[in-house]
Amino acid sequence: MASASVDLLSAACAHLTGRAENRDAATALDTWDAADWRAALLDVPLDERAYADRFGIERCTELDELWAWWSDPEADERVTHATAGYLGFFLLTLVSMHRSDRMRYHGEAYGSSEIAGRPADELCGELVAHPHVQRAIKQLYAPSPEDETAAVWATIDFATMTFHRQGTTSIIVKVDSVAPAVGRPECHALKCLIYPYLRTPAIVEATRNYAREFGGVRPERSPLVTVWASHDSWVLMEYVDGTTLTDHLRKIAEERQGRKGYKAPKSELLRPVDVKELRVLGTALLDAMAVLAEKVGHHNDLTPSNIIVQEEGRRLKLIDLGVNFLHTRTLVGAESRESGYIAPEVRATGKGGPLADLYSLGMVLIAIGGIPRTADGTVPDQFYVASVGLARLFEDLLDADPERRLIVSGIKPGPGSFKEIRELFVREIDVLEAAEYGKPRTLWQRVKGIVPGALEVGRQRAIAKVRRRQAKATDRKTHPIQAHHLRQEKALKRWAIACAFIAWVTIALVLTWWSRDLDLFWQAKYVEYANFLFNRSGQGIPFLDDIRAADYPIPDAWDNLPVRIVALTYALTGVRLYLNIFADITPHSALRRRGWTGLRTAAASFMMRATAIYPFVYILFPTLVQRRWWVIFSPLGVITVAVLISACLWFARDANARARKAGLSTVPKGEIMTLQRLESWAPAAWLYALPVVIIGIFLYNDRLQDELMYAIAIGLINMGIQFVKNTGSDAPYVRAGLTRAILAAERLDVLEQHRKAKAEAAAKRAREPRADEPLQEAVA
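Residues take numbers from 1 onward in each chain, read along the sequence in its written order. Where totals are concerned, whole chains, interfaces and linings use all residues; where local detail is concerned, this predicted model gives features only for residues with pLDDT of at least 70, and gives and counts side-chain atom pairs only at 80 or more. Only heavy atoms go into the side-chain values, all of them from the structure, while hydrogens and water stay out.

Draft legend 1. The arrangement of the packing of helix α27 (residues 673–700) against helix α29 (residues 731–767) in detail. For helices, the axis comes from a line fit to the C-alpha atoms of the stretch in contact; other axes are also lines fit to C-alpha atoms, and the angle between any two N-to-C directions lies between 0 and 180 degrees. Counting from the N terminus, the helices are DSSP H or I runs at least four residues long and the strands are E runs at least two residues long. In the contact formed by α27 and α29, the axes pass within 6 Å of each other and the chain directions differ by 110°. Classified by the angle their axes make, α27 and α29 are roughly perpendicular. Here Thr674, Leu675, Arg677, Leu678 and Trp681 of α27 lie close against α29, whose contacting residues are Tyr733, Val734, Ala736, Gly737 and Leu738. A class-by-class count of the residues in the contact of α27 with α29 yields 7 nonpolar, 2 polar and 1 charged. If an angle is under 35 degrees, it is roughly parallel; if it is over 145, roughly antiparallel; if it lies from 65 to 115, roughly perpendicular; otherwise it is oblique. What makes two residues a contact is simply this: any of their non-hydrogen atoms within 4.5 Å. Ten residues, namely Ala, Val, Leu, Ile, Met, Phe, Trp, Tyr, Cys and Pro, are considered nonpolar, four, namely Asp, Glu, Lys and Arg, are considered charged, and the remaining ones, Gly among them, are considered polar.

Listed below in structure tokens is the structure:
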């Protein structure tokens, strides 16, 4: 072995690039063999600052100068072709180290790095494609003839080598086989460690054991990659065509924004969940995780960049299994952009497991849904708006405490858990797809949709149909909590259908009575049938006209105008209040609550469900019976809304406070912005109630005469504040805030049940005699 050192290598590079005159150093490189080059490359400083201190030149400058020398079309006769190949590999090593540092310390994206004014991948591609560099790679990574991997290494055709991608500590190249075995793919991916990282024993050991831990021949359509062999410095595996999930999702987002007529959401909360991609990519991911759990165990580094998308998302491949070296503290550096996908316990201890994959799964599914991750790791608000069931599942996956994952879903963690998660996930996607029923797409449908209830009845019936089918298919004995949730959802859909129908009838009656006031009434056929049935003659509507007070004439357009204005505006806001906020949520849990917690739950639940009925009762009485009653029912409606808001806040604040005290990670530590929207309603509602009550009393007792102006003011408030803002733009925020509190309370119930069960089991074990203690007979 020659006197090889990285210092001599650096001096030779300085001579070749014209920075210094040291011909002896360049000449000495021609005497080196593969072992000398290994020794020198192993000693290359990994740190950028250490490199500059040792060699007196910045690594970026070294890269630019060495690339300028390498890319010169005329061959440098000062070194042999073999030495030039090794120098090309040295340049490839420096490029890879530079990119790794930029990603780890500076948070740069993979494709953003440039060297000598060109993308780094282009430089790597040219270097790896050069025959002299290919021969150098073959020599530098070759195992000893006695090594068990030598036979596999001999099958690689290095002349076919092309650059594929760079990892944090490795370079991945694509190679073919010289003589592929039967059933063995011709094309492989060769993952070579960046040479200086071979000084790190943990990285070397993980690379050597990769085939033993994650290897095996996989079926062609398996989501797992076949690993043929692994050595201290390389892994040979099946080459996988396709793009990473990171790039695939970026492309989808760009295509969505580039579509004609695309409008960015007015606020982040209104960003729609991508149900289509959740159906395709989400189910494919869960299928892949089920196979992984059965064949291998766990991934421990499940991020979008470690998932390869094939066949437009219908197939996924999981790559790069094992805990990332950044999380095992083997490598230093800032957390990468994808560190948020990794479970907190893995980032804290560097140790993984099946429960860690649950957390990563939840994060990746959120990314597939097109929603950005939150900084604190909680479920984004958009999912609380879109689907209570999906938000519940994501909370069950993303709990920071691994022992609390899947406790609400009632799924036992284990190899078969991903199949059950898939069933639950698909169930919620079915509901989201059913919710698209009747969504206005044409101008006529938008016009119809202006009247609340016109399309909502069909939509709620479509969702209810899906829930009924799901409830029948769910075994109450094996999944009691899931069965309860489905029964709860069915009941909520019945309430929603009833509310939509009652609202449609109420608004139709108000408009009909108004048309009669304007003498635009036409007698429909059903009125003739009703007159015949009740043996009545003449104009009018049977029963409804019979209950009308004698001093309430119809038509009377001017005197009936106040009640019509108030009735119509209250009806429009009432139906939106229930369907936009409360239709899909209930504070009730599968487990019974007692004491003040139970009282808060009952109060909030009663007021939520009452919202489906009371607005229309308050409207129909003055509309059908006595028009003067509107000045009574109007204040009563305002007070009822104020009580509703107070009851919901009483429950939500308590649930969030108890969740924070119990250390639930699913509830944000600071202020919950979505719930603050509802909190802002409370003082306004009670302040609004006071003058409405006072003025209503004066009007009813004929102490005030400006009845029409009062009705117009109420109508403007109803439409301008209640219809447009509170039940319109504020509705998603309020629903998200209440849903998060409801799920937190539900989670606390299950945790308390588990705590009691553990305490009872511990007490039972304490009462049982130990095996080494003889049973004592009772003394008479």
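Draft legend 2. Expanded view of the packing of aromatic side chains. For this analysis, a ring pair means two rings from Phe, Tyr or Trp (six-membered ring only for Trp) whose centres lie within 6.5 Å, classed as stacked if their planes differ by under 30 degrees, edge-to-face if by over 60, and tilted for the remaining angles. One pass over the structure, following the stated rule, counts 19 aromatic pairs. Ring plane angle 90° and centroid distance 6.2 Å describe the contact between Phe89 and Tyr195, whose orientation is recorded as edge-to-face. With a gap of 106 residues between them, Phe89 in helix α6 (residues 81–106) and Tyr195 in the loop between β5 (187–193) and α10 (201–208) connect regions that are remote in the sequence. A single burial state applies to Phe89 and to Tyr195, both of which are buried. Considering the side-chain rings of Phe621 and Phe633, the 5.8 Å spacing of their centres and the 15° angle between planes classify their relative orientation as stacked. Within this pair, whereas Phe621 is found in helix α25 (residues 614–624), its partner Phe633 is found in helix α26 (residues 630–661), the two being separated by 12 residues in sequence. Taking relative accessible area as the criterion, Phe621 reaches 39% and is therefore assigned partly exposed. Three or more aromatic residues link up through ring pairs in this structure, and these residues are Tyr614, Tyr618, Phe621, Trp629 and Phe633. A positively charged side chain is recorded as over a ring if its NZ (Lys) or CZ (Arg) lies within 6 Å of the ring centre. The angle to the ring normal must also be within 35 degrees. Looking at Arg516, its charged tip hangs above the ring of Trp513, at a distance of 5.0 Å from the centre. A cation sits over an aromatic face here: Arg628 above Tyr700, 4.6 Å from the ring centre. The classification of residues rests on relative accessible area computed with a 1.4 Å probe and restricted to protein chains. Under 20% of the type maximum is buried, over 50% is exposed, and intermediate values are partly exposed.

Draft legend 3. Here's a closer look at the pairing of strand β6 (residues 227–230). Strands are treated as partners if at least two bridges between them are detected by DSSP. Strand direction decides the pairing type here: β6 and strand β7 (residues 234–238), joined by 3 bridges, are antiparallel. Among the inter-strand pairings, Val227 is bridged to a residue of β7, identified as Met237. In this antiparallel pair of consecutive strands, β6 and β7, the connection spans 3 residues.

Draft legend 4. Looking closely at the pattern of salt bridges. The term salt bridge refers to a side-chain nitrogen of Lys or Arg lying within 4 Å of a carboxyl oxygen of Asp or Glu. By the definition in use, this model includes 39 salt bridges. Between Asp430 and Arg279 there is a salt bridge; the shortest N-O distance is 2.4 Å. Separated by 151 residues along the polypeptide, Asp430 in helix α18 (residues 417–434) and Arg279 in helix α13 (residues 275–295) bring together distant segments of the chain. Overall, Arg279 belongs to the partly exposed group, its relative accessible area being 22%. A cluster of three or more residues bridged by salt bridges with shared partners is formed by Asp7, Asp43 and Arg54.

Draft legend 5. Highlighting the sheet that holds strand β8 (residues 243–244). Spatial strand order, β8-β9-β10: 3 strands in an open sheet with antiparallel pairing. This sheet does not close on itself; its edge strands, each paired only once, are β8 and β10 (315–318). Note: strand β9 (residues 307–310) against β10, 4 bridges, orientation antiparallel. Bridging from a neighbouring strand, Val309 pairs with Leu316 of β10. Contacts from α13 reach β9 and β10, with the element oriented near 45° to β10.

Draft legend 6. Up close: the nonpolar core. Buried Ala, Val, Leu, Ile, Met, Phe, Trp, Tyr and Cys residues that are joined via side-chain atoms within 4.5 Å together make up what is termed a nonpolar core. With 144 residues, the main nonpolar core has Leu285, Leu361, Ile421, Phe582 and Leu738 as its most contacted residues. With 14 residues, the single largest contributor to this core is α26.

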